[in-house]
Amino acid sequence: MSKKSKGKYCLLAVFSTVSIICVAVTCTVFFTGLYAIEAKKFNLDSVAGLSYDTLMENYHLLIRYQSIFYRGNLQLPNFIMSTSGRIHFEEVKRIFEVIQIIAFIGVGYLLYISKKAIKLKDFLYFKWTSLLTIELPSIIVLLASIDFDKAFILFHKISFRNDYWTFDEVTDPIITVLPESYFMHCFMLIIFLVLVMAGLNYFMYRRTLNFYLKDK
(Lines give C-alpha, C1' and ligand atoms only; values in the text may rest on other atoms or scores of the structure.)
Protein backbone atom coordinates (compact mmCIF):
# COMPACT_ATOMS: atom_id res chain seq x y z
CA MET A 1 0.00 0.00 0.00
CA SER A 2 1.33 3.43 -0.95
CA LYS A 3 1.89 6.22 1.55
CA LYS A 4 -0.91 8.16 -0.14
CA SER A 5 -3.36 5.30 0.39
CA LYS A 6 -2.28 4.86 4.01
CA GLY A 7 -2.76 8.55 4.63
CA LYS A 8 -6.21 8.40 3.04
CA TYR A 9 -7.39 5.50 5.20
CA CYS A 10 -5.83 6.99 8.31
CA LEU A 11 -7.66 10.27 7.73
CA LEU A 12 -10.98 8.54 7.02
CA ALA A 13 -10.55 6.37 10.13
CA VAL A 14 -9.82 9.42 12.31
CA PHE A 15 -12.92 11.26 11.02
CA SER A 16 -15.03 8.14 11.55
CA THR A 17 -13.69 7.54 15.06
CA VAL A 18 -14.31 11.15 16.13
CA SER A 19 -17.83 10.93 14.69
CA ILE A 20 -18.51 7.65 16.49
CA ILE A 21 -17.29 9.04 19.83
CA CYS A 22 -19.43 12.17 19.44
CA VAL A 23 -22.48 10.08 18.57
CA ALA A 24 -21.86 7.91 21.66
CA VAL A 25 -21.49 10.96 23.91
CA THR A 26 -24.66 12.57 22.50
CA CYS A 27 -26.69 9.38 22.98
CA THR A 28 -25.42 9.01 26.54
CA VAL A 29 -26.08 12.61 27.56
CA PHE A 30 -29.67 12.49 26.35
CA PHE A 31 -30.38 9.00 27.66
CA THR A 32 -32.20 10.10 30.83
CA GLY A 33 -32.96 6.51 31.77
CA LEU A 34 -29.43 6.13 33.13
CA TYR A 35 -29.95 8.94 35.62
CA ALA A 36 -33.35 7.53 36.59
CA ILE A 37 -31.66 4.27 37.57
CA GLU A 38 -28.94 6.18 39.45
CA ALA A 39 -31.51 8.30 41.31
CA LYS A 40 -33.44 5.26 42.51
CA LYS A 41 -30.33 3.26 43.40
CA PHE A 42 -28.79 6.01 45.56
CA ASN A 43 -32.04 7.63 46.77
CA LEU A 44 -31.02 10.97 45.31
CA ASP A 45 -34.52 12.33 45.85
CA SER A 46 -34.03 11.92 49.61
CA VAL A 47 -30.60 13.53 49.35
CA ALA A 48 -32.17 16.58 47.73
CA GLY A 49 -35.21 16.55 49.99
CA LEU A 50 -37.50 16.33 46.97
CA SER A 51 -39.93 13.83 45.55
CA TYR A 52 -38.60 11.54 42.85
CA ASP A 53 -40.81 13.14 40.19
CA THR A 54 -39.65 16.64 41.17
CA LEU A 55 -36.01 15.58 41.04
CA MET A 56 -36.46 14.07 37.59
CA GLU A 57 -38.27 17.21 36.40
CA ASN A 58 -35.25 19.31 37.36
CA TYR A 59 -32.90 16.81 35.73
CA HIS A 60 -34.87 16.88 32.48
CA LEU A 61 -34.66 20.68 32.47
CA LEU A 62 -30.88 20.44 32.93
CA ILE A 63 -30.56 17.99 30.03
CA ARG A 64 -32.91 19.98 27.80
CA TYR A 65 -30.70 23.01 28.43
CA GLN A 66 -27.73 21.11 26.98
CA SER A 67 -29.52 20.59 23.65
CA ILE A 68 -28.22 22.50 20.66
CA PHE A 69 -31.84 23.39 19.87
CA TYR A 70 -32.47 25.05 23.24
CA ARG A 71 -31.99 28.79 23.58
CA GLY A 72 -32.46 30.44 26.94
CA ASN A 73 -31.15 30.48 30.48
CA LEU A 74 -30.89 27.47 32.74
CA GLN A 75 -33.71 27.53 35.26
CA LEU A 76 -33.94 24.79 37.89
CA PRO A 77 -37.03 25.55 40.02
CA ASN A 78 -35.90 23.54 43.04
CA PHE A 79 -32.17 24.34 43.12
CA ILE A 80 -30.41 27.60 43.80
CA MET A 81 -27.35 28.31 41.66
CA SER A 82 -24.32 30.52 42.09
CA THR A 83 -22.92 32.72 39.33
CA SER A 84 -19.89 30.45 38.93
CA GLY A 85 -22.15 27.39 38.78
CA ARG A 86 -24.28 28.97 36.08
CA ILE A 87 -21.14 29.90 34.09
CA HIS A 88 -19.90 26.32 34.34
CA PHE A 89 -23.13 24.92 32.91
CA GLU A 90 -22.91 27.47 30.09
CA GLU A 91 -19.39 26.25 29.33
CA VAL A 92 -20.56 22.63 29.41
CA LYS A 93 -23.40 23.52 27.04
CA ARG A 94 -20.96 25.05 24.53
CA ILE A 95 -18.86 21.88 24.59
CA PHE A 96 -21.90 19.64 24.18
CA GLU A 97 -23.18 21.79 21.32
CA VAL A 98 -19.93 21.24 19.41
CA ILE A 99 -20.17 17.50 20.12
CA GLN A 100 -23.78 17.43 18.90
CA ILE A 101 -22.89 19.25 15.69
CA ILE A 102 -20.10 16.76 15.00
CA ALA A 103 -22.47 13.89 15.86
CA PHE A 104 -25.20 15.09 13.48
CA ILE A 105 -22.73 15.68 10.66
CA GLY A 106 -20.94 12.46 11.58
CA VAL A 107 -24.06 10.30 11.21
CA GLY A 108 -24.50 11.51 7.64
CA TYR A 109 -20.79 11.11 6.96
CA LEU A 110 -20.68 7.56 8.39
CA LEU A 111 -23.72 6.47 6.39
CA TYR A 112 -22.30 7.94 3.19
CA ILE A 113 -18.75 6.60 3.53
CA SER A 114 -19.96 3.18 4.71
CA LYS A 115 -22.37 2.85 1.79
CA LYS A 116 -19.60 3.85 -0.59
CA ALA A 117 -17.12 1.42 0.99
CA ILE A 118 -19.62 -1.45 0.75
CA LYS A 119 -20.33 -0.64 -2.91
CA LEU A 120 -16.62 -0.57 -3.76
CA LYS A 121 -15.86 -3.56 -1.49
CA ASP A 122 -13.36 -1.32 0.27
CA PHE A 123 -12.73 -3.49 3.34
CA LEU A 124 -9.68 -1.47 4.39
CA TYR A 125 -11.83 1.49 5.47
CA PHE A 126 -13.78 -0.69 7.91
CA LYS A 127 -10.58 -2.37 9.11
CA TRP A 128 -8.77 0.86 9.93
CA THR A 129 -11.86 2.41 11.52
CA SER A 130 -12.55 -0.62 13.70
CA LEU A 131 -8.94 -0.79 14.89
CA LEU A 132 -8.73 2.90 15.76
CA THR A 133 -12.17 2.91 17.38
CA ILE A 134 -11.16 -0.02 19.58
CA GLU A 135 -7.66 1.16 20.44
CA LEU A 136 -8.54 4.72 21.48
CA PRO A 137 -11.24 3.88 24.08
CA SER A 138 -9.14 0.96 25.32
CA ILE A 139 -6.32 3.37 26.18
CA ILE A 140 -8.78 5.75 27.87
CA VAL A 141 -10.35 2.90 29.85
CA LEU A 142 -6.92 1.72 30.98
CA LEU A 143 -5.98 5.18 32.23
CA ALA A 144 -9.38 5.77 33.90
CA SER A 145 -9.41 2.34 35.55
CA ILE A 146 -6.12 3.08 37.29
CA ASP A 147 -7.65 6.04 39.14
CA PHE A 148 -11.02 7.36 37.95
CA ASP A 149 -10.96 10.24 40.45
CA LYS A 150 -7.69 11.61 39.06
CA ALA A 151 -8.85 11.01 35.49
CA PHE A 152 -12.09 12.87 36.26
CA ILE A 153 -10.21 15.83 37.70
CA LEU A 154 -7.69 15.85 34.84
CA PHE A 155 -10.51 15.87 32.29
CA HIS A 156 -12.02 18.98 33.89
CA LYS A 157 -8.67 20.75 34.13
CA ILE A 158 -8.09 20.13 30.43
CA SER A 159 -11.63 21.06 29.36
CA PHE A 160 -12.07 24.21 31.47
CA ARG A 161 -9.84 27.20 32.12
CA ASN A 162 -11.27 27.89 35.57
CA ASP A 163 -12.25 26.01 38.71
CA TYR A 164 -15.99 26.70 38.50
CA TRP A 165 -16.56 22.96 38.14
CA THR A 166 -15.58 22.50 41.81
CA PHE A 167 -19.10 23.08 43.08
CA ASP A 168 -19.92 24.03 46.67
CA GLU A 169 -22.90 22.08 48.00
CA VAL A 170 -24.14 25.17 49.83
CA THR A 171 -24.21 27.56 46.86
CA ASP A 172 -24.82 24.88 44.19
CA PRO A 173 -26.78 22.02 45.79
CA ILE A 174 -27.36 20.46 42.34
CA ILE A 175 -23.99 18.78 42.79
CA THR A 176 -25.42 16.62 45.60
CA VAL A 177 -27.66 14.85 43.08
CA LEU A 178 -24.95 14.54 40.43
CA PRO A 179 -22.61 12.07 42.15
CA GLU A 180 -19.31 11.03 40.63
CA SER A 181 -20.68 7.49 40.23
CA TYR A 182 -23.22 8.85 37.75
CA PHE A 183 -20.46 10.36 35.60
CA MET A 184 -18.50 7.12 35.86
CA HIS A 185 -21.51 5.17 34.58
CA CYS A 186 -21.95 7.72 31.76
CA PHE A 187 -18.31 7.15 30.86
CA MET A 188 -18.86 3.38 30.87
CA LEU A 189 -21.91 3.71 28.61
CA ILE A 190 -19.99 5.90 26.17
CA ILE A 191 -17.18 3.35 25.97
CA PHE A 192 -19.72 0.53 25.53
CA LEU A 193 -21.44 2.32 22.64
CA VAL A 194 -18.09 3.12 21.00
CA LEU A 195 -17.01 -0.52 21.25
CA VAL A 196 -20.35 -1.70 19.84
CA MET A 197 -19.84 0.56 16.82
CA ALA A 198 -16.24 -0.61 16.57
CA GLY A 199 -17.52 -4.19 16.53
CA LEU A 200 -19.98 -3.29 13.79
CA ASN A 201 -17.14 -1.84 11.72
CA TYR A 202 -15.12 -5.02 12.25
CA PHE A 203 -18.10 -7.10 11.15
CA MET A 204 -18.39 -4.97 8.00
CA TYR A 205 -14.66 -5.37 7.44
CA ARG A 206 -14.93 -9.17 7.48
CA ARG A 207 -18.00 -9.10 5.27
CA THR A 208 -16.60 -6.74 2.63
CA LEU A 209 -13.31 -8.66 2.71
CA ASN A 210 -15.18 -11.86 1.86
CA PHE A 211 -16.98 -10.12 -1.00
CA TYR A 212 -13.63 -8.77 -2.22
CA LEU A 213 -11.98 -12.22 -2.14
CA LYS A 214 -14.91 -13.83 -3.97
CA ASP A 215 -14.40 -11.43 -6.86
CA LYS A 216 -10.72 -12.30 -7.15
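The structure reproduced in this document is the subject of the present report. These figures come from a predicted structure and were not determined experimentally. (Residues numbered from 1 in each chain as written. Predicted model: local features only at pLDDT ≥ 70, side-chain atom pairs only at ≥ 80, totals over all residues. Heavy atoms only, no water.)

1. Concerning helix α7 (residues 148-159)
- The first and last C-alpha atoms of α7 sit 16 Å apart over 12 residues, in line with the 16 Å expected at 1.5 Å per residue.
- Looking at α7, one finds that the buried residues are Phe 148, Phe 152 and His 156. Projection of α7 onto a plane perpendicular to its axis shows the buried side chains occupying an angular sector of 75°, all on one side. Facing away from the buried surface of α7 by more than 90 degrees, the exposed residues are Lys 150, Lys 157 and Ile 158.
- Those residues of α7 that are buried lie in contact with α5 (83-120), α6 (123-146) and α8 (180-214). (Helix = DSSP H or I, 4+ residues; strand = E, 2+ residues; numbered from the N terminus. Expected span 1.5 Å × (residues − 1). Buried < 20%, exposed > 50% of the residue type's maximum accessible area, 1.4 Å probe, protein only. Arc of directions from axis to C-beta. Contact = heavy atoms within 4.5 Å.)

2. Observations regarding the environment of Asn 78
- Residue placement: Asn 78 occurs in the loop between α4 (52-66) and α5.
- For the pair formed by Asn 78 and Leu 50, sequence separation is 28 residues and the distance between their alpha carbons is 8.4 Å.
- Asn 78 has contacts with Leu 50, Thr 54 and Asn 58, leaving out every residue within four places of it along the chain.
- Engagement of the side chain of Asn 78 in a polar contact is seen with the side chain of Asn 58, the distance being 2.8 Å. (Polar contact = N/O pair within 3.5 Å; in protein donor to acceptor, adjacent residues only side chain to side chain.)

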